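Letter by letter, the chains look like this.
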Amino acid sequence: MVSEGAKQRPALNDLALELAEKSAAFRSSLPPSIADSLSALIRSMNCYYSNLIEGHNTHPVDIEKALAGDYSSDPEKRDLQLEAKAHIAVQEWIDNGGLSGAPTSPEMILEMHRRFCENLPEDLLRVANDDRSEIMILEAGKFRERDVAVGKHVAISAGAIPRFMERMHKVYGNKGRIEPILAAACAHHRLLWVHPFLDGNGRVARLMSYAMLRQTLDTRGLWSIARGLARNEAKYKRHLASCDRPRQSDRDGRGTLSEAALADFVAFFLQTCIDQVEFMEGLMKPEKLRERILLWAREEVQLKALPPKSDALLRAILFQGEVARAEVPDILGLSDRAARRVTSSLIEAGAIKSQSTRSPLNLAFPAKLAGRWMPGLFPDSD
(Lines give C-alpha, C1' and ligand atoms only; values in the text may rest on other atoms or scores of the structure.)
Protein backbone atom coordinates (compact mmCIF):
# COMPACT_ATOMS: atom_id res chain seq x y z
CA MET A 1 0.00 0.00 0.00
CA VAL A 2 0.98 3.65 -0.36
CA SER A 3 1.91 4.33 3.25
CA GLU A 4 0.05 6.74 5.51
CA GLY A 5 3.18 8.88 5.76
CA ALA A 6 3.73 9.23 2.01
CA LYS A 7 3.45 12.82 0.80
CA GLN A 8 0.99 11.72 -1.93
CA ARG A 9 -1.35 9.96 0.51
CA PRO A 10 -3.64 12.93 1.40
CA ALA A 11 -4.32 13.60 -2.29
CA LEU A 12 -5.03 9.90 -2.86
CA ASN A 13 -7.45 9.85 0.08
CA ASP A 14 -9.29 12.81 -1.47
CA LEU A 15 -9.55 10.99 -4.81
CA ALA A 16 -10.86 7.85 -3.09
CA LEU A 17 -13.56 9.84 -1.28
CA GLU A 18 -14.50 11.69 -4.47
CA LEU A 19 -14.85 8.38 -6.31
CA ALA A 20 -17.00 6.92 -3.52
CA GLU A 21 -19.32 9.95 -3.53
CA LYS A 22 -19.69 10.16 -7.31
CA SER A 23 -20.26 6.42 -7.68
CA ALA A 24 -22.96 6.44 -4.97
CA ALA A 25 -24.70 9.46 -6.50
CA PHE A 26 -24.75 7.87 -9.96
CA ARG A 27 -26.03 4.54 -8.63
CA SER A 28 -28.88 6.17 -6.71
CA SER A 29 -29.91 8.27 -9.73
CA LEU A 30 -30.95 5.24 -11.80
CA PRO A 31 -34.27 3.39 -11.46
CA PRO A 32 -33.69 -0.34 -10.77
CA SER A 33 -35.13 -1.44 -14.13
CA ILE A 34 -32.81 0.90 -16.04
CA ALA A 35 -29.81 -0.10 -13.88
CA ASP A 36 -30.36 -3.82 -14.52
CA SER A 37 -30.47 -3.32 -18.30
CA LEU A 38 -27.48 -0.99 -18.27
CA SER A 39 -25.30 -3.40 -16.28
CA ALA A 40 -25.71 -6.04 -19.02
CA LEU A 41 -24.39 -3.59 -21.64
CA ILE A 42 -21.53 -2.57 -19.32
CA ARG A 43 -20.43 -6.21 -19.17
CA SER A 44 -20.05 -6.18 -22.95
CA MET A 45 -18.31 -2.80 -22.78
CA ASN A 46 -15.90 -4.02 -20.10
CA CYS A 47 -15.12 -7.13 -22.14
CA TYR A 48 -14.61 -5.12 -25.34
CA TYR A 49 -12.15 -2.68 -23.81
CA SER A 50 -10.31 -5.24 -21.68
CA ASN A 51 -9.71 -7.42 -24.75
CA LEU A 52 -8.76 -4.33 -26.78
CA ILE A 53 -5.91 -3.65 -24.34
CA GLU A 54 -4.64 -7.16 -25.16
CA GLY A 55 -4.77 -6.39 -28.89
CA HIS A 56 -7.99 -8.35 -29.52
CA ASN A 57 -10.59 -6.15 -31.21
CA THR A 58 -13.99 -7.86 -31.14
CA HIS A 59 -16.81 -5.56 -32.30
CA PRO A 60 -19.50 -5.05 -29.61
CA VAL A 61 -22.18 -6.24 -32.00
CA ASP A 62 -20.15 -9.42 -32.65
CA ILE A 63 -19.94 -9.89 -28.87
CA GLU A 64 -23.72 -9.56 -28.65
CA LYS A 65 -24.12 -12.10 -31.45
CA ALA A 66 -21.82 -14.55 -29.64
CA LEU A 67 -23.96 -14.27 -26.50
CA ALA A 68 -26.92 -15.29 -28.67
CA GLY A 69 -24.97 -18.24 -30.13
CA ASP A 70 -24.45 -16.55 -33.52
CA TYR A 71 -20.79 -17.03 -34.49
CA SER A 72 -18.78 -15.84 -37.46
CA SER A 73 -17.78 -18.33 -40.18
CA ASP A 74 -14.28 -16.81 -40.02
CA PRO A 75 -12.32 -19.07 -37.58
CA GLU A 76 -10.24 -16.19 -36.18
CA LYS A 77 -13.29 -14.01 -35.61
CA ARG A 78 -15.15 -16.93 -34.06
CA ASP A 79 -12.27 -17.54 -31.63
CA LEU A 80 -12.38 -13.90 -30.54
CA GLN A 81 -16.14 -14.14 -30.09
CA LEU A 82 -15.67 -17.18 -27.86
CA GLU A 83 -12.99 -15.29 -25.90
CA ALA A 84 -15.39 -12.38 -25.38
CA LYS A 85 -18.16 -14.73 -24.30
CA ALA A 86 -15.80 -16.36 -21.77
CA HIS A 87 -14.84 -12.95 -20.35
CA ILE A 88 -18.46 -11.86 -19.99
CA ALA A 89 -19.35 -15.14 -18.27
CA VAL A 90 -16.74 -14.45 -15.57
CA GLN A 91 -17.99 -10.91 -14.99
CA GLU A 92 -21.59 -12.11 -14.85
CA TRP A 93 -20.50 -14.70 -12.28
CA ILE A 94 -18.93 -11.88 -10.23
CA ASP A 95 -22.03 -9.67 -10.64
CA ASN A 96 -24.29 -12.50 -9.47
CA GLY A 97 -22.35 -12.97 -6.24
CA GLY A 98 -20.26 -15.93 -7.39
CA LEU A 99 -17.18 -14.97 -5.37
CA SER A 100 -17.11 -17.04 -2.19
CA GLY A 101 -14.09 -15.18 -0.85
CA ALA A 102 -12.29 -11.85 -1.22
CA PRO A 103 -11.34 -10.96 -4.83
CA THR A 104 -7.68 -10.84 -3.74
CA SER A 105 -7.64 -14.34 -2.28
CA PRO A 106 -5.49 -16.81 -4.22
CA GLU A 107 -8.48 -19.15 -4.51
CA MET A 108 -10.69 -16.52 -6.15
CA ILE A 109 -7.93 -15.30 -8.47
CA LEU A 110 -7.37 -18.89 -9.58
CA GLU A 111 -11.12 -19.33 -10.03
CA MET A 112 -11.40 -16.20 -12.20
CA HIS A 113 -8.56 -17.46 -14.38
CA ARG A 114 -10.07 -20.95 -14.56
CA ARG A 115 -13.52 -19.70 -15.55
CA PHE A 116 -12.06 -17.45 -18.23
CA CYS A 117 -9.60 -19.94 -19.73
CA GLU A 118 -11.66 -23.12 -19.62
CA ASN A 119 -14.01 -21.72 -22.28
CA LEU A 120 -11.30 -20.42 -24.61
CA PRO A 121 -10.78 -22.07 -28.00
CA GLU A 122 -7.66 -24.22 -28.32
CA ASP A 123 -5.75 -21.69 -30.47
CA LEU A 124 -6.02 -19.03 -27.74
CA LEU A 125 -4.54 -21.39 -25.16
CA ARG A 126 -1.25 -21.55 -27.04
CA VAL A 127 1.27 -19.14 -25.53
CA ALA A 128 4.60 -18.27 -27.17
CA ASN A 129 7.66 -17.35 -25.11
CA ASP A 130 9.38 -13.97 -25.59
CA ASP A 131 11.47 -14.95 -28.61
CA ARG A 132 8.66 -17.15 -29.98
CA SER A 133 10.98 -20.16 -29.99
CA GLU A 134 8.59 -22.24 -27.90
CA ILE A 135 4.83 -22.68 -27.73
CA MET A 136 3.32 -23.54 -24.34
CA ILE A 137 -0.23 -24.64 -23.50
CA LEU A 138 -2.00 -22.47 -20.96
CA GLU A 139 -3.61 -24.40 -18.10
CA ALA A 140 -6.84 -22.92 -16.78
CA GLY A 141 -6.81 -21.95 -13.10
CA LYS A 142 -3.21 -22.96 -12.49
CA PHE A 143 -0.23 -20.82 -11.48
CA ARG A 144 2.67 -20.96 -13.92
CA GLU A 145 5.39 -23.50 -13.22
CA ARG A 146 8.19 -21.82 -15.14
CA ASP A 147 10.00 -18.51 -14.97
CA VAL A 148 9.03 -15.77 -17.43
CA ALA A 149 10.04 -12.29 -18.52
CA VAL A 150 7.52 -9.71 -19.73
CA GLY A 151 9.37 -7.09 -21.73
CA LYS A 152 12.00 -5.70 -19.34
CA HIS A 153 10.27 -7.13 -16.29
CA VAL A 154 11.55 -10.45 -15.01
CA ALA A 155 8.69 -11.86 -12.95
CA ILE A 156 9.28 -13.62 -9.63
CA SER A 157 10.23 -17.28 -9.75
CA ALA A 158 7.43 -19.76 -10.23
CA GLY A 159 8.09 -21.42 -6.88
CA ALA A 160 7.55 -18.12 -5.01
CA ILE A 161 4.11 -17.38 -6.52
CA PRO A 162 1.93 -19.03 -3.81
CA ARG A 163 3.81 -17.17 -1.06
CA PHE A 164 3.53 -13.82 -2.87
CA MET A 165 -0.18 -14.34 -3.58
CA GLU A 166 -0.87 -15.04 0.11
CA ARG A 167 1.08 -11.93 1.06
CA MET A 168 -0.86 -9.86 -1.47
CA HIS A 169 -4.17 -11.08 -0.08
CA LYS A 170 -3.08 -10.25 3.47
CA VAL A 171 -2.02 -6.71 2.54
CA TYR A 172 -5.04 -5.82 0.39
CA GLY A 173 -7.82 -7.35 2.50
CA ASN A 174 -8.26 -4.03 4.31
CA LYS A 175 -11.36 -2.75 6.06
CA GLY A 176 -12.68 0.79 6.21
CA ARG A 177 -13.82 3.30 3.62
CA ILE A 178 -10.63 4.52 1.95
CA GLU A 179 -8.15 1.64 2.28
CA PRO A 180 -10.12 -0.86 0.11
CA ILE A 181 -10.45 1.72 -2.70
CA LEU A 182 -6.70 2.36 -2.69
CA ALA A 183 -6.12 -1.38 -2.44
CA ALA A 184 -8.02 -1.98 -5.71
CA ALA A 185 -5.46 0.19 -7.50
CA CYS A 186 -2.36 -1.11 -5.69
CA ALA A 187 -3.37 -4.77 -6.09
CA HIS A 188 -3.91 -4.19 -9.81
CA HIS A 189 -0.23 -3.47 -10.39
CA ARG A 190 1.06 -5.97 -7.85
CA LEU A 191 -0.83 -8.87 -9.45
CA LEU A 192 0.65 -7.97 -12.83
CA TRP A 193 4.10 -7.66 -11.23
CA VAL A 194 3.82 -11.16 -9.73
CA HIS A 195 2.51 -12.38 -13.13
CA PRO A 196 1.10 -15.60 -11.67
CA PHE A 197 -0.13 -17.12 -14.95
CA LEU A 198 1.50 -17.87 -18.28
CA ASP A 199 -1.20 -15.73 -19.91
CA GLY A 200 -4.43 -13.97 -18.96
CA ASN A 201 -2.84 -11.85 -16.21
CA GLY A 202 -4.11 -8.52 -17.57
CA ARG A 203 -7.71 -9.66 -17.83
CA VAL A 204 -7.64 -11.30 -14.39
CA ALA A 205 -6.11 -8.13 -12.87
CA ARG A 206 -8.87 -5.99 -14.37
CA LEU A 207 -11.58 -8.44 -13.28
CA MET A 208 -10.10 -8.53 -9.77
CA SER A 209 -10.04 -4.73 -9.52
CA TYR A 210 -13.58 -4.59 -10.94
CA ALA A 211 -14.73 -7.05 -8.26
CA MET A 212 -12.92 -5.14 -5.50
CA LEU A 213 -14.52 -1.83 -6.50
CA ARG A 214 -17.91 -3.49 -6.95
CA GLN A 215 -17.78 -4.80 -3.38
CA THR A 216 -16.32 -1.66 -1.82
CA LEU A 217 -18.42 0.93 -3.65
CA ASP A 218 -21.48 -1.20 -4.47
CA THR A 219 -21.11 -0.10 -8.11
CA ARG A 220 -23.65 -2.73 -9.27
CA GLY A 221 -21.68 -3.00 -12.48
CA LEU A 222 -22.91 0.39 -13.77
CA TRP A 223 -19.48 1.62 -14.81
CA SER A 224 -16.10 0.12 -15.48
CA ILE A 225 -12.51 1.33 -15.47
CA ALA A 226 -11.62 -0.82 -18.51
CA ARG A 227 -12.91 1.81 -20.95
CA GLY A 228 -10.73 4.50 -19.37
CA LEU A 229 -7.65 2.27 -19.32
CA ALA A 230 -8.09 1.32 -22.97
CA ARG A 231 -8.55 4.96 -24.01
CA ASN A 232 -5.32 5.81 -22.17
CA GLU A 233 -3.53 2.55 -22.94
CA ALA A 234 -0.06 4.02 -23.49
CA LYS A 235 -0.22 5.96 -20.23
CA TYR A 236 -1.62 2.92 -18.41
CA LYS A 237 1.26 0.72 -19.56
CA ARG A 238 3.86 3.42 -18.81
CA HIS A 239 2.56 3.65 -15.24
CA LEU A 240 2.68 -0.13 -14.84
CA ALA A 241 6.25 -0.26 -16.13
CA SER A 242 7.23 2.62 -13.84
CA CYS A 243 5.83 0.74 -10.83
CA ASP A 244 8.19 -2.14 -11.66
CA ARG A 245 11.17 0.08 -10.86
CA PRO A 246 13.13 -0.49 -7.65
CA ARG A 247 13.03 2.08 -4.86
CA GLN A 248 14.86 5.21 -6.02
CA SER A 249 16.07 6.53 -2.65
CA ASP A 250 15.67 6.18 1.11
CA ARG A 251 12.65 8.48 0.86
CA ASP A 252 10.93 6.36 -1.76
CA GLY A 253 9.03 4.07 0.60
CA ARG A 254 10.34 1.12 2.58
CA GLY A 255 9.73 -1.76 0.14
CA THR A 256 11.87 -2.96 -2.73
CA LEU A 257 9.73 -1.18 -5.36
CA SER A 258 9.20 2.55 -5.85
CA GLU A 259 6.43 3.91 -3.62
CA ALA A 260 6.33 7.19 -5.56
CA ALA A 261 5.67 5.31 -8.81
CA LEU A 262 2.93 3.27 -7.12
CA ALA A 263 1.34 6.46 -5.78
CA ASP A 264 1.36 7.97 -9.27
CA PHE A 265 -0.32 4.85 -10.66
CA VAL A 266 -2.96 4.89 -7.90
CA ALA A 267 -3.72 8.55 -8.69
CA PHE A 268 -4.04 7.70 -12.41
CA PHE A 269 -6.22 4.67 -11.63
CA LEU A 270 -8.61 6.56 -9.33
CA GLN A 271 -8.87 9.58 -11.64
CA THR A 272 -9.66 7.21 -14.51
CA CYS A 273 -12.45 5.66 -12.38
CA ILE A 274 -13.86 9.12 -11.61
CA ASP A 275 -13.76 10.06 -15.30
CA GLN A 276 -15.71 6.91 -16.19
CA VAL A 277 -18.37 7.52 -13.54
CA GLU A 278 -18.78 11.10 -14.81
CA PHE A 279 -18.95 9.87 -18.40
CA MET A 280 -21.68 7.33 -17.60
CA GLU A 281 -23.57 9.87 -15.51
CA GLY A 282 -23.58 12.26 -18.46
CA LEU A 283 -24.84 9.57 -20.84
CA MET A 284 -27.63 8.53 -18.47
CA LYS A 285 -29.07 11.99 -17.69
CA PRO A 286 -32.80 11.22 -18.03
CA GLU A 287 -33.79 14.14 -20.25
CA LYS A 288 -30.92 13.68 -22.71
CA LEU A 289 -31.25 9.89 -22.77
CA ARG A 290 -35.00 10.11 -23.45
CA GLU A 291 -34.38 12.65 -26.19
CA ARG A 292 -31.84 10.42 -27.99
CA ILE A 293 -33.95 7.27 -27.70
CA LEU A 294 -37.19 8.93 -28.82
CA LEU A 295 -35.44 10.65 -31.74
CA TRP A 296 -34.20 7.22 -32.85
CA ALA A 297 -37.71 5.75 -32.49
CA ARG A 298 -39.35 8.55 -34.50
CA GLU A 299 -36.79 8.12 -37.28
CA GLU A 300 -37.39 4.36 -37.34
CA VAL A 301 -41.16 4.95 -37.58
CA GLN A 302 -40.65 7.41 -40.47
CA LEU A 303 -38.48 4.82 -42.23
CA LYS A 304 -41.22 2.23 -41.59
CA ALA A 305 -38.71 0.06 -39.71
CA LEU A 306 -41.03 0.32 -36.69
CA PRO A 307 -44.85 0.57 -36.64
CA PRO A 308 -46.55 3.89 -35.76
CA LYS A 309 -46.73 4.77 -32.04
CA SER A 310 -43.60 2.78 -31.20
CA ASP A 311 -42.13 6.01 -29.82
CA ALA A 312 -45.17 6.41 -27.54
CA LEU A 313 -44.57 3.01 -25.94
CA LEU A 314 -40.87 3.80 -25.48
CA ARG A 315 -41.79 7.13 -23.89
CA ALA A 316 -44.07 5.40 -21.39
CA ILE A 317 -41.34 2.89 -20.47
CA LEU A 318 -38.77 5.66 -20.11
CA PHE A 319 -40.99 7.64 -17.73
CA GLN A 320 -42.43 4.71 -15.76
CA GLY A 321 -39.40 2.39 -15.71
CA GLU A 322 -41.53 -0.54 -16.89
CA VAL A 323 -44.96 -1.10 -18.45
CA ALA A 324 -47.27 -4.08 -17.98
CA ARG A 325 -48.25 -5.69 -21.27
CA ALA A 326 -51.95 -5.34 -20.42
CA GLU A 327 -51.51 -1.54 -20.27
CA VAL A 328 -50.04 -1.19 -23.76
CA PRO A 329 -53.35 -0.99 -25.75
CA ASP A 330 -54.63 1.82 -23.50
CA ILE A 331 -51.32 3.71 -23.58
CA LEU A 332 -51.24 3.58 -27.38
CA GLY A 333 -54.97 3.82 -28.04
CA LEU A 334 -54.78 0.72 -30.22
CA SER A 335 -56.45 -2.66 -30.44
CA ASP A 336 -54.82 -5.57 -28.63
CA ARG A 337 -53.54 -6.96 -31.93
CA ALA A 338 -52.02 -3.66 -33.08
CA ALA A 339 -50.49 -3.10 -29.62
CA ARG A 340 -48.89 -6.56 -29.75
CA ARG A 341 -47.37 -5.67 -33.13
CA VAL A 342 -45.75 -2.56 -31.67
CA THR A 343 -44.43 -4.52 -28.68
CA SER A 344 -43.06 -7.35 -30.84
CA SER A 345 -41.36 -4.92 -33.23
CA LEU A 346 -39.57 -3.10 -30.41
CA ILE A 347 -38.46 -6.39 -28.83
CA GLU A 348 -37.18 -7.59 -32.20
CA ALA A 349 -35.30 -4.30 -32.67
CA GLY A 350 -33.66 -4.88 -29.27
CA ALA A 351 -35.05 -1.64 -27.80
CA ILE A 352 -37.14 -3.30 -25.09
CA LYS A 353 -37.14 -6.67 -23.37
CA SER A 354 -39.33 -8.86 -21.18
CA GLN A 355 -38.56 -11.92 -19.08
CA SER A 356 -41.59 -13.77 -20.49
CA THR A 357 -44.73 -13.18 -22.55
CA ARG A 358 -46.51 -12.14 -19.35
CA SER A 359 -43.74 -10.10 -17.71
CA PRO A 360 -43.57 -6.27 -17.79
CA LEU A 361 -41.71 -4.51 -20.59
CA ASN A 362 -38.39 -2.85 -19.74
CA LEU A 363 -35.90 -0.78 -21.67
CA ALA A 364 -32.95 -2.70 -23.12
CA PHE A 365 -29.52 -1.36 -24.08
CA PRO A 366 -28.37 -3.42 -27.08
CA ALA A 367 -24.85 -2.89 -28.40
CA LYS A 368 -26.17 -2.33 -31.93
CA LEU A 369 -28.02 0.79 -30.75
CA ALA A 370 -25.30 2.07 -28.41
CA GLY A 371 -23.92 4.47 -31.01
CA ARG A 372 -27.28 6.29 -31.21
CA TRP A 373 -28.49 5.98 -27.66
CA MET A 374 -25.18 6.28 -25.81
CA PRO A 375 -22.67 8.06 -28.08
CA GLY A 376 -19.04 7.63 -27.07
CA LEU A 377 -19.54 4.36 -25.21
CA PHE A 378 -17.66 2.57 -27.98
CA PRO A 379 -15.20 4.15 -30.45
CA ASP A 380 -16.72 5.98 -33.42
CA SER A 381 -15.15 3.47 -35.81
CA ASP A 382 -17.32 0.77 -34.21
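Scoring rules and cut-offs
- Residues numbered from 1 in each chain as written.
- Predicted model: local features only at pLDDT ≥ 70, side-chain atom pairs only at ≥ 80, totals over all residues.
- Heavy atoms only, no water.
- Core = buried A, V, L, I, M, F, W, Y, C linked by side-chain atoms within 4.5 Å.
- Buried < 20%, exposed > 50% of the residue type's maximum accessible area, 1.4 Å probe, protein only.
- Contact = heavy atoms within 4.5 Å.
- Helix = DSSP H or I, 4+ residues; strand = E, 2+ residues; numbered from the N terminus.
- Salt bridge = Lys/Arg side-chain N within 4 Å of Asp/Glu carboxyl O.
- Phe/Tyr/Trp six-rings, centres within 6.5 Å; stacked < 30°, edge-to-face > 60°.

A general tendency of soluble globular proteins is for nonpolar side chains to be buried together. In this structure, Leu38, Met280, Leu313, Leu314, Phe365, Met374 and Leu377 are the most contacted members of the largest nonpolar core, which totals 123 residues. Not counting residues up to four positions away in its chain, the partners in contact with Leu38 are Phe26, Leu30, Leu222, Met280, Met284, Phe365 and Met374.

In the Ramachandran plot, Arg220 falls in the positive-phi region, its phi being about 60° despite a non-glycine side chain. Examined against the element boundaries, Arg220 turns out to sit in the loop between helix H8 (201–217) and helix H9 (226–231). Positive phi is not limited to glycine here, since Lys309 has a value of about 75°. Within the fold, Lys309 resides in the loop between helix H12 (286–302) and helix H13 (310–320).

Turning our attention to the pattern of salt bridges. What the rule picks out here adds up to 19 salt bridges. The closest approach of N and O atoms between Glu233 and Lys237, which form a salt bridge, is 2.7 Å. Of this pair, Glu233 and Lys237 are both found in helix H10 (residues 233–243), four residues apart, which corresponds to roughly one turn of the helix. In this structure, Arg372 and Glu299 form a salt bridge, with 3.0 Å as the shortest nitrogen-oxygen distance. On the criterion of sequence distance, the pair formed by Arg372 in helix H16 (residues 370–373) and Glu299 in helix H12 is long-range, its members being 73 residues apart.

Moving on, we get to the packing of aromatic side chains. Applying the stated rule across the entire model yields nine aromatic pairs. Ring geometry for Phe164 versus Trp193: centroids 5.9 Å apart, planes at 45°, classification tilted. Of this pair, Phe164 sits in helix H6 (residues 161–172) while Trp193 sits in helix H7 (residues 179–194), and the two are 29 residues apart along the sequence. Its relative accessible area of 27% is what places Phe164 among the partly exposed residues. Take Trp193: its relative accessible area is 17%, and that puts it in the buried class.

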